[in-house]
Amino acid sequence: MPIESTNAGFIIPAIPTNDLPDPFAELGLDLSDSDLRETAYEIFVGACRSSGGSRPLTYVSHSSGRSSDRASSLPSLQRSLTLTTASRVKKALGMKSKTKSNGSDNRPATVGELMRVQMRIPEQIDSRVRRALLRIAAGQLGRRIESIVLPVELLHQLKSSDFPTQREYEIWQRRNLKVLEAGLLLHPKLPLDRKDPAAQQLRQIIREARERPIETGRHSETVQTLRNITMQLACRSIDDYAPDMCHWADEGPLNFRLYQVLLEALFDVEEPTSMIEEVDEVLELVKKTWGILGIDQKLHNLCFSWVLFNHYVSTGQVENDFLFAADNLLQEVKKDAKSTLDSGYSKVLCLTMKSMLEWAERGLLAYHESFYRGNIDLMQSILSLGLSASIILVDENPHENGRRNSIDVANAKVDIYIRSSMRKAFSQESEKIRINRKTAKSQLNHLPALCTLAQDITDLAFTEKEIYSPILQRWHSLAVGVAVATLHSCFGQEVQKFVSGIKELTPDVIQVLIAADKLEKDLVQMAVEDSVNSDDGGKSIIQEMTPYEAEAVIVDLVKSWIKTRVNRLEEWVDRNLQQEVWNPKANRERFAPSAVEVLRTIDETLEAFFLLPIPMHPDLLPDLMSSLDTCLRDYILKAKSGSGSRSSFLPILAPLTRCKGGSKLNGVFKKKDRSQTLQRRKSQLNTIDDDPYDIPQLCVRVNTFHHIRKDLESLEKRTIGHLKSIGIRDGSIVSNSRKNFELSLASCGEAIQQVCEATAYKIIFEELKHVFWDNLYVNDTSSSRIEPFLQELEQNLEVVAETVQDNTVRTRLITNIMRASFEGFLLVLLAGGPSRNFTIDDSSIVQEDFKFLMDLFWSNGDGLPRELIGKHAVIVNGVLPLFSIDTCSLIEKFKSLMLTDGHGSSNKSRLPLPSTTDQWGPNEPNTILRVLCHRNDKAATTFLKKNYNLPKKL
């Protein structure tokens, strides 16, 4: 913005004051400003003689010259000045009248004297001019001033003795000859034939006068010849209504130059920024020169508007009244232009308007640099003047600009000014930020440059709306919309460049995109508000504002950020799970260090996510949580994979056979061998080998899954805390966050169950196979009882109790071990193969052993609750009584059940094999048949041989 003033009080122009393009063509010869002033003054004084033409011109000298010349005065010039009424001219031009600060003592008393002072004509020259004019009037009595060639008549009447020095006379003579050359040879009213004799003769005289002054005076032949040839040239005209009119100074650019000099006399010579208060009286006399200069009202309006405008610019753009007056007068020029077809007028008009427009557009194309709150009224006048000039130019050149009405012209121009000014203002703001950052490198600057620019552009837009748009809206209904659309486009280009260079998501990147999004919302809102009452509702402006899509960019970046973090976590999971040893001694809590790292990484990722300065945390959180949930679920699935399952450890049910009795001696030897095996196994218990699925390692996996589940519950609370910390109180969002990690939580539950079950069946059917499946009740029931199995099972339970520290999980795992042992106990009894045979007497041993097994889990009240033990022992307790029932009764019960279940009939000699079910039970035919298969007596063997022909060995 421009500086209003310096310390010295000098006002800096709103628009740079370069030389204005002159609308009037060059004269083609060196007539100085002083030459033009004297010539114009001569014409002015000559034109102000009595309008009747026949009354003698009187003259009163204001100097101490010769008294013989003080014969008479010019009445119009000697009119006394009065200040009793306000100037009609100033009022019509919209100018304010001013009271002169100096007193009235130095004020000229007459209009003529005022004009002399204003035109800076010395009294000596004024006296000489008046004397000459009196002599001319006396010699050409009755002739109008327009019918003579004034410079020739002056040359005729004045001689060297009328001048203080010969040099002054020669200078004066050359000046008059130059005027004749300009008016009759260089710029004639009608085109001049180069071979015209009069023209050639005039050139010869002028050429010779440059070498030696011509003889002048009343009887000079040279002057007489000059009069004749200049009259020939001056009286060439197509105007029949004034055959005696001399055209020696009424063609441009000479007449415009001379008339401009006369009009400039309206500005106070002592105070150039003021117009004289006597403007009405002076202008009335200046108009008397119209006949000589070929000026009419149209040309006067055009010249006067230029003079007012030019004077405003040349005096430093201090007095805005001159600009207002020029703008007001242009409204008349606009009307004049429409009512004339004069090509000469049109040419000068176009040159004048182009000059005015070029100057005005220096400020309007960058009006933020030229105007501010303190001089905004000036902008309105300059804009009005520039638009008037534009409209006139379009009207004068319809073939170049197309036929457009003034509203369309003004609208298009203002549109250009707004866009140009906003682009320059945007560039200045950008450059200012660049320079500030360059000069302040050592200082901490927390905001990225584009964030600062976005704020500055927001301020610029609101300043535009407040200060400039109210003026621009007079000619452009969508001034605000155009301005903000331009700013939107400029900043959009910066955003595009910024986005194309983004390598990764950083806080700075997000800050910039959020700033861009906020700026865009502000600008669009301003455009919408501005266009409510427009014809298209602002549709064209809104369509022009191509969305930044900053939020979409942020979303894509955050999703990419999430993907990168999750991919990194997945790679980490795979790598660390391969290296995990599941060592219960790795930490005090006895869960996998890899799980700790996974959960820590998830927590850090969530914390980093909520630290991102974005407004759409609730919208993107589900994506993050889903990805993390999937990743953690994969960890759980991979961690439990390979642990096995119940079915992978259960022995395959052997085909039905009849039992075969073993010798007691064989049983003794077997027992000895088994004792040695037991000793070897005891020494190996509690040692950890390289098997990642050994019992302690499986317990660590269970601990790990339980730890993950517990930590996820805490993570849920921390997530809700994060949401609340950023101001999210929406109940639905918070509720949805409670559903996070559903997959992982479900997988944890499944994994705990699966690994607990697999651990239990692994202990019973793999770890203790040698004392359980391979030993219990083999060959001799009494010598291969359950005690060895209980001893090693107890040691395994101690390992489990020591490794699994959470009571609930430990109870769950031990319960699974109990269930597996109970199931295994029944399998030994019912599907243990032909080497296991029982008599009715053995039933008490079996029942006693099962009681020992239950007591182990009860552990005198320190183990599992009796109710839980009893619940899982129901099936075993239901089957064991079958071993105490006599064989015949068992056979009859079996037959009865087979008939009842439709498996056979009493007429058949053989019974079919009952189907194998998943459950054992005292009333289940397959269970009873298996008890008979393991019954060591003749009746059972006979029944099985007769009905099923079962073998005694596998």
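Residues numbered from 1 in each chain as written. Predicted model: local features only at pLDDT ≥ 70, side-chain atom pairs only at ≥ 80, totals over all residues. Heavy atoms only, no water.

How should I be thinking about the overall build of the chain in this particular structure?
Within the chain, the regular secondary structure consists of 37 helices and one strand. With 954 residues in all, the chain has 52% of them scored as buried. Restricting to contacts in the chain with at least 6 residues of sequence separation, those with at least 24 account for 78%. Accessible surface, the chain: about 44900 Å² in total, of which carbon and sulfur atoms supply 50%. (Helix = DSSP H or I, 4+ residues; strand = E, 2+ residues; numbered from the N terminus. Buried < 20%, exposed > 50% of the residue type's maximum accessible area, 1.4 Å probe, protein only. Contact = heavy atoms within 4.5 Å. Areas by Shrake-Rupley, 256 points an atom, 1.4 Å probe, with all protein chains shown as cover.)

In this structure, what is going on with the nonpolar core? I would like to understand it.
Note that soluble globular proteins tend to have their nonpolar side chains buried in a common cluster. In terms of nonpolar packing, the biggest core is built from 285 residues, with Trp248, Tyr635, Leu793, Phe825 and Phe857 touching the most fellow members. For this core, the element with the highest residue contribution is helix α32 (residues 807–831), accounting for 14 residues. Not counting chain neighbours up to four residues away, the residues in contact with Phe825 comprise Phe772, Leu776, Tyr777, Ile786, Val846, Asp849, Phe850, Leu853, Val876 and Leu880. (Core = buried A, V, L, I, M, F, W, Y, C linked by side-chain atoms within 4.5 Å.)

Is there a simple way to think about the packing of aromatic side chains in this case?
Aromatic rings considered in pairs are described by the distance between their centres and by the relative angle of their planes. Counted under the stated rule, the structure contains 25 aromatic pairs. Here the aromatic rings of Trp306 and Phe309 are separated by 5.7 Å at their centres, their planes lie at 50°, and the arrangement is tilted. Residue Trp306 and its partner Phe309 are located together in helix α12 (residues 297–314), separated by three residues, close to a single helical turn. Both residues of the pair, Trp306 and Phe309, count as buried. Each member of the aromatic cluster is reached from another via a ring pair, and the members are Tyr777, Phe822, Phe825, Phe838, Phe850, Phe857 and Phe883. (Phe/Tyr/Trp six-rings, centres within 6.5 Å; stacked < 30°, edge-to-face > 60°.)

How should helix α8 (residues 221–234) be read in this particular structure?
Think of an α-helix as turning once every 3.6 residues; residues three or four places apart then point the same way. Between its terminal C-alpha atoms α8 stretches 19 Å, which fits the 20 Å expected from 14 residues at 1.5 Å a residue. When we look at burial in α8, the residues that qualify are Val223, Leu226, Arg227, Ile229, Thr230, Leu233 and Ala234. Tucked inside the fold, the buried residues of α8 contact α5 (150–157), α6 (166–186) and α7 (197–211). (Expected span 1.5 Å × (residues − 1).)

When you look at the side chain of Asn703 in this model, what are you seeing that I'm missing?
When you line up the elements, Asn703 lands in helix α28 (residues 695–725). Exposure remark for Asn703: the relative accessible area of 6% places this residue in the buried category. Apart from the residues within four sequence positions on either side, Asn703 is in contact with Glu589, Arg590, Phe591, Thr803, Val804 and Gln805.

Explain unusual backbone geometry here, please?
Across residues other than glycine, the phi torsion is negative in most instances, and most of the peptide bonds are trans. Cis rather than trans, the peptide bond between Gly252 and Pro253 has omega equal to 5°. Following the sequence through the fold, Pro253 ends up in the loop between α8 and α9 (254–264). In this model, Glu549 sits at a positive phi of 55°, which is unusual for a non-glycine residue. Looking at the element boundaries, Glu549 is found in the loop between α22 (539–544) and α23 (550–579). For Arg590, which is not glycine, the phi dihedral falls at a positive 60°. In this structure, Arg590 sits in the loop between α23 and α24 (593–611).

Before we go on, may I ask you to explain the state of the cysteines in this structure?
In total, this model carries zero disulfides according to the counting rule given. In this structure Cys235 is a free cysteine whose sulfur lies 4.0 Å from that of Cys246, the closest cysteine sulfur available. Judged by relative accessible area, which is 30%, Cys235 ranks as partly exposed. (Disulfide = S-S within 2.5 Å.)

I would appreciate a short explanation of the environment of Gln543 in the present structure.
Structurally, Gln543 can be placed in helix α22. Note: C-alpha distance between Gln543 and Ala485 (58 residues apart in sequence) is 9.5 Å.

What should I look at first to understand the packing of α24 against helix α25 (residues 617–640) in this one?
Think of two packed helices as two axes; the pair is described by the angle between the axes and how far apart they sit. As a packed pair, α24 and α25 sit with axes 11 Å apart at the nearest point and diverge in direction by 170°. Of the possible angle classes, the one that applies to α24 and α25 is roughly antiparallel. Contacts between α24 and α25 involve Ser594, Ala595, Val598, Leu599, Ile602, Thr605, Leu606, Phe609 and Phe610 on the former and, on the latter, His617, Leu620, Leu621, Leu624, Met625, Leu628, Leu632 and Tyr635. When the residues that make up the contact of α24 with α25 are grouped by side-chain class, the tally is 14 nonpolar, three polar and no charged. (Axes fitted to C-alpha atoms, helices over the stretch in contact; angles between N-to-C directions. Parallel < 35°, antiparallel > 145°, perpendicular 65-115°, else oblique. Nonpolar A, V, L, I, M, F, W, Y, C, P; charged D, E, K, R; others polar.)

Explain the pattern of salt bridges to me, please; I cannot follow it from the model alone.
As a working rule, side chains carrying opposite charge can pair if their charged atoms are close by. Scanning all chains against the criterion turns up 44 salt bridges. Of the charged contacts, one joins Arg434 and Glu431 as a salt bridge, the two residues approaching to 2.5 Å between their closest N and O atoms. Of this pair, Arg434 and Glu431 both sit in helix α18 (residues 406–439), three residues apart, which is roughly one turn of that helix. With relative accessibility at 44%, the residue Arg434 sits in the partly exposed group. For Arg600, the salt bridge is made with Glu604, and the minimal N-O distance between the two is 2.5 Å. In this pair, Arg600 and Glu604 are both assigned in helix α24, four residues apart and thus about one turn of the helix distant. Where salt bridges share partners, they join Glu38, Glu42 and Arg175 into one cluster. (Salt bridge = Lys/Arg side-chain N within 4 Å of Asp/Glu carboxyl O.)

Is there a simple way to explain the packing of helix α14 (residues 343–364) against helix α16 (residues 376–396) in this structure?
For the pair α14 and α16, the least separation of the axes is 8 Å and the interaxial angle reads 140°. The handedness of the crossing between α14 and α16 comes out as left-handed. The residues of α16 that touch α14, namely those facing Ser346, Leu349, Cys350, Met353, Lys354, Met356, Leu357, Trp359, Ala360 and Leu364, are Ile382, Leu383, Leu385, Gly386, Ala389, Ser390, Ile392, Leu393 and Glu396. Across the contact of α14 with α16, the residue classes break down as 14 nonpolar, three polar and two charged. (Left-handed = near helix turned anticlockwise from the far one by under 90°.)

Where do I start with the confidence of the model for the chain in this structure?
Any region with low pLDDT has predicted coordinates that should not be read closely. This prediction gives the chain a mean pLDDT of 85; 86% of its residues lie at or above 70. Contacts for the low-pLDDT stretch residues 1–10, under 50 throughout, to residues beyond four places or in other chains number 17 contacts. (pLDDT = per-residue confidence, 0-100.)

Honestly, the environment of Ala485 in this entry has me stumped. Any pointers?
By the secondary structure assignment, Ala485 is in helix α20 (residues 479–500). On the basis of relative accessibility, which here comes to 0%, the residue Ala485 falls in the buried class. Taking the C-alpha atoms as reference points, Ala485 and Met422, separated by 63 residues in sequence, lie 9.6 Å from one another. Setting aside residues no more than four positions away along its own chain, Ala485 makes contact with Ile541, Glu544 and Met545.

Sorry, what's going on with α28 here?
Spanning 31 residues, α28 covers 44 Å between terminal C-alpha atoms, matching the ideal 45 Å at 1.5 Å per step. Two residues or fewer past α28, Gly727 is found with a positive phi of approximately 90°.

Looking at this model, I keep getting lost on the environment of His934. Mind explaining?
Among the structural elements, His934 can be located in the loop between α36 (925–933) and α37 (938–947). Owing to a relative accessible area of 5%, His934 belongs among the buried residues under this scheme. With 277 residues separating them along the chain, His934 and Thr657 place their C-alpha atoms 8.2 Å apart.

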